[in-house]
Amino acid sequence: MDVKIDKLKQIIPEKYILSNEPMKKHTTFRIGGPADIFAAPESIEEIEAVCRFAKEEGIPLFVLGNGSNLLVADDGMDGIVLQIYKNYSGIEVNGNELTVKAGTLLSSTSKAALNEELTGFEFAGGIPGTFGGAVVMNAGAYGGEMVQVLKEVKVLTKDGEIQTLKAEELELGYRTSNVLKNEYVVLEGVIALEKGNKEEIKAKMDEYALARKTKQPLEYPSAGSTFKRPEGYFAGKLIQDAGLKGYQVGDAQVSEKHSGFVINRGNATAADVMQLISDVADKVKEQFGVTMEPEVKRVGRF
């Protein structure tokens with residue numbers, strides 16, 4: 001990979017490229033082995049250049065936000081991890097619409113909406129992800145989802161074209177879209193909000209923040225909700241009713257605060273988490289006949 005890195009350094013500034021970069025530094029789970037090449041460009045042109053380079057060289061490419069919904073293998077990741085995060089972030093306001101770069105945190109986006117007295121994005125204030133990741137996953141909380149506010153998205157296609165797509169073209173569903181299937185790279189998006197009362201918007205954001213702090217294990221590294229919500233059930237309640245609150249494999253544990261979260265108590269490995277997820281799914285299936293699907297995305301050399 002050293003030869004490939006040298007070639008990549010001719011395309012984008014060397015300061016944005018790292019080799020054998022530990023992925024545990026770039027995931028909210030604080031778990032994951034090294035990525036062969038880690039690139040964090042700051043412009044659309046540089047993002048295009050990295051994607052084109054990966055395609056021409058036949059190198060696997062994985063697009064990363066702030067790593068909030070990921071479990072990276074202990075053995076790391078092949079190819080290039082393209083991080084679209086702090087180096088490529090920013091918000092433009094146009095009336096009741098915000099144009100948001102993909103690497104912008106949802107928390108920053110919701111604060112910008114608050115400052116502009118725009119309502120409709122309060123639900124996203126505490127979701128620990130980037131705007132691009134939220135589009136990919138149709139992220140949501142407290143009855144709100146991206147599909148409710150997203151107007152359009154600018155993407156880079158696998159053929160290297162930049163296209164602007166209407167939200168309806170993304171097939172947004174429960175924690176899903178067609179972004180990954182179509183191999184799009186989200187560059188930015190527009191959300192349409194409504195004028196509101198600043199005090200009321202702030203009160204709702206504070207209410208959601210308090211609920212998160214009270215009910216979720218924010219004091220430990222995690223990847224958020226570990227399982228998708230099975231139809232007709234709540235994942236956390238099923239896990240709790242199966243007697244698995246506090247269940248532990250190595251340093252991976254079902255949170256005692258909220259059974260829907262798997263936390264890293266310090267030195268959990270991806271193998272620990274995978275074993276725990278498997279054990280939980282087996283026990284819930286055995287007791288209640290319900291199939292549990294992980295919401296956390298597994299990537300790397302498993």
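These notes cover the structure that comes with them. (Residues numbered from 1 in each chain as written. Predicted model: local features only at pLDDT ≥ 70, side-chain atom pairs only at ≥ 80, totals over all residues. Heavy atoms only, no water.)

What to know about the overall build of the protein
Now for step 1: Looking only at helices and strands, the protein has seven helices and 19 strands in total.
Now for step 2: Dimensions of the protein along its principal axes, counting C-alpha atoms only, are 55 × 50 × 30 Å.
Now for step 3: When the 302 residues of the protein are sorted by exposure, 50% land in the buried category.
Now for step 4: In the protein, of all internal contacts separated by at least 6 residues, the share reaching a separation of at least 24 is 65%.
Now for step 5: Carbon and sulfur atoms make up 46% of the accessible area of the protein, which amounts to about 14400 Å² in all.
Now for step 6: Charged side chains of the protein number 36 positive and 44 negative; the gap between the two group centres comes to 3 Å. (Helix = DSSP H or I, 4+ residues; strand = E, 2+ residues; numbered from the N terminus. Buried < 20%, exposed > 50% of the residue type's maximum accessible area, 1.4 Å probe, protein only. Contact = heavy atoms within 4.5 Å. Areas by Shrake-Rupley, 256 points an atom, 1.4 Å probe, with all protein chains shown as cover. Lys, Arg positive; Asp, Glu negative; His and termini not counted. Charge placed at Lys NZ, Arg CZ, Asp CG, Glu CD.)

A closer look at the nonpolar core
Now for step 1: Residues I47, I80, F121, V135 and L150 are the most contacted members of the largest nonpolar core, which totals 53 residues.
Now for step 2: Counting 25 residues, the second-largest nonpolar core is a separate cluster that includes F227, V273, M292 and V296. (Core = buried A, V, L, I, M, F, W, Y, C linked by side-chain atoms within 4.5 Å.)

With respect to the pattern of salt bridges
Now for step 1: Taken as a whole and judged by the stated rule, the model has 17 salt bridges.
Now for step 2: With its nearest N and O atoms 2.6 Å apart, the salt bridge here joins D78 to R301. Here the residue D78 occupies a position in strand β5 (residues 77–83), and R301 occupies one in the segment after β19 (297–299), the gap between them amounting to 223 residues.
Now for step 3: Among the residues examined, D78 registers a relative accessible area of 44% and is labelled partly exposed. (Salt bridge = Lys/Arg side-chain N within 4 Å of Asp/Glu carboxyl O.)

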